[in-house]
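Coordinates in review
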Amino acid sequence: MSVIDRFLEYVRFDTTSCETSQTVPSTAKQKVLGEFLVKELSALGLADARMDDYGYVYATLPATPDCQDLEPLGLIAHMDTSPAVSGANVKARIVTYEGGDLVLESGSVMSPTVYPFMNLFVGEELIV
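How each quantity is defined
- Residues numbered from 1 in each chain as written.
- Predicted model: local features only at pLDDT ≥ 70, side-chain atom pairs only at ≥ 80, totals over all residues.
- Heavy atoms only, no water.
- Helix = DSSP H or I, 4+ residues; strand = E, 2+ residues; numbered from the N terminus.
- Buried < 20%, exposed > 50% of the residue type's maximum accessible area, 1.4 Å probe, protein only.
- Contact = heavy atoms within 4.5 Å.
- Areas by Shrake-Rupley, 256 points an atom, 1.4 Å probe, with all protein chains shown as cover.
- Lys, Arg positive; Asp, Glu negative; His and termini not counted.
- Charge placed at Lys NZ, Arg CZ, Asp CG, Glu CD.
- Axes fitted to C-alpha atoms, helices over the stretch in contact; angles between N-to-C directions.
- Parallel < 35°, antiparallel > 145°, perpendicular 65-115°, else oblique.
- Nonpolar A, V, L, I, M, F, W, Y, C, P; charged D, E, K, R; others polar.
- Polar contact = N/O pair within 3.5 Å; in protein donor to acceptor, adjacent residues only side chain to side chain.
- Phe/Tyr/Trp six-rings, centres within 6.5 Å; stacked < 30°, edge-to-face > 60°.
- 1 Å grid on protein atoms, 1.4 Å probe; cavity = no way out; pocket = protein on both sides within 12 Å on 5 of 7 lines; lining within 4 Å.
- Points joined across faces, edges and corners; volume = space filled by probe spheres on them.

1. Concerning the overall build of the protein
Per the secondary structure count, the protein includes two helices and six strands. Order of helices (α) and strands (β) in the protein, N terminus to C terminus: α-α-β-β-β-β-β-β. Projected onto its principal axes, the C-alpha coordinates of the protein cover approximately 50 × 45 × 25 Å. Taken across its 128 residues, the protein has 20% of its residues classed as buried. In the protein, of all internal contacts separated by at least 6 residues, the share reaching a separation of at least 24 is 49%. Carbon and sulfur atoms provide 58% of the accessible area of the protein, an area that totals close to 9700 Å². The distance from the centre of the 8 positive side-chain charges to the centre of the 18 negative ones in the protein is 9 Å.

2. A few points about the packing of helix H1 (residues 3-10) against helix H2 (residues 29-43)
One way to put it is that H1 packs onto H2 with a least axis distance of 12 Å and a crossing angle of 155°. What the angle tells us is that H1 and H2 run roughly antiparallel. Across the interface between the two elements, Arg6, Glu9 and Tyr10 from H1 touch Leu33, Phe36, Leu37 and Glu40 from H2. Counted by class, the contact of H1 with H2 contains four nonpolar, no polar and three charged residues.

3. A word on the environment of Thr96
Relative to the helices and strands, Thr96 is located in strand S3 (residues 94-96). Excluding its chain neighbours within four sequence positions, the residues that come into contact with Thr96 are Gly123, Glu124 and Glu125.

4. Some details on the side chain of Gln30
With respect to the helices and strands, Gln30 occurs in helix H2. Residue classification places Gln30 among the buried positions, given a relative accessible area of 8%. Separated by 3.0 Å, the side chains of Gln30 and Ser26 make a polar contact.

5. Comments concerning the packing of aromatic side chains
If you walk through the whole model with that rule in mind, you get three aromatic pairs. Note on Phe13 and Phe36: the rings are 5.1 Å apart at their centroids and 50° apart in plane angle, and the pair reads as tilted. In this pair, Phe13 sits in the loop between H1 and H2 while Phe36 sits in helix H2, placing the two residues 23 residues apart along the sequence. Among the aromatic residues, those joined into a cluster by ring pairs are Tyr10, Phe13 and Phe36.

6. Overview of the environment of Ser86
Secondary-structure assignment places Ser86 in the loop between strand S2 (57-58) and S3. When the C-alpha atoms of Ser86 and Asp53 are compared, they prove to be 24 Å apart, with 33 residues separating the residues in sequence.

7. Focus: the layout of surface pockets
The gaps left among the atoms become clear once a water-sized probe is rolled over them. When its volume is computed, the largest pocket comes out at roughly 1700 Å³. The set of elements that each furnish at least two residues to the lining of the largest pocket consists of H1, H2 and S2. The dominant element in the lining of the largest pocket, judged by the number of residues it contributes, is H2, at five residues. In this structure, the second largest pocket encloses a volume near 530 Å³. Considering the residues around the second largest pocket, the lining is formed by 17 residues, among which Val90, Lys91, Ala92, Leu104 and Val128 are closest to the centre. Residues belonging to the lining of the second largest pocket are distributed by class as follows: 10 nonpolar, four polar and three charged.

Treat this as a map of the structure, not an account of what it does.
Pasting the structure below:
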């Protein structure tokens, strides 16, 4: 599975956080993605993939032979989405940006008049 395929799978999970929650994570549905990631990491051969009670996912990838003495790296990422924009029913897709307004699945419009940097990506494939 490619990195893009994995990303498109991950964004389908509703991980919207709740600002008034007193729990960590702030919603139980955030742990659903965590459980999925643990299964993926295990399938990739990381024997110690696990999620703690707070929804943090951990795993260790052994060093490449002859690199065991190098400093280890840690990767950290958020799995939740802001409650300002729902994480529910995300239907990401790949489009070739031809310039002008870009209508998203939700009906929202991204316009280069508001986001001038979009003009840098004319002719490029974008995940929206």
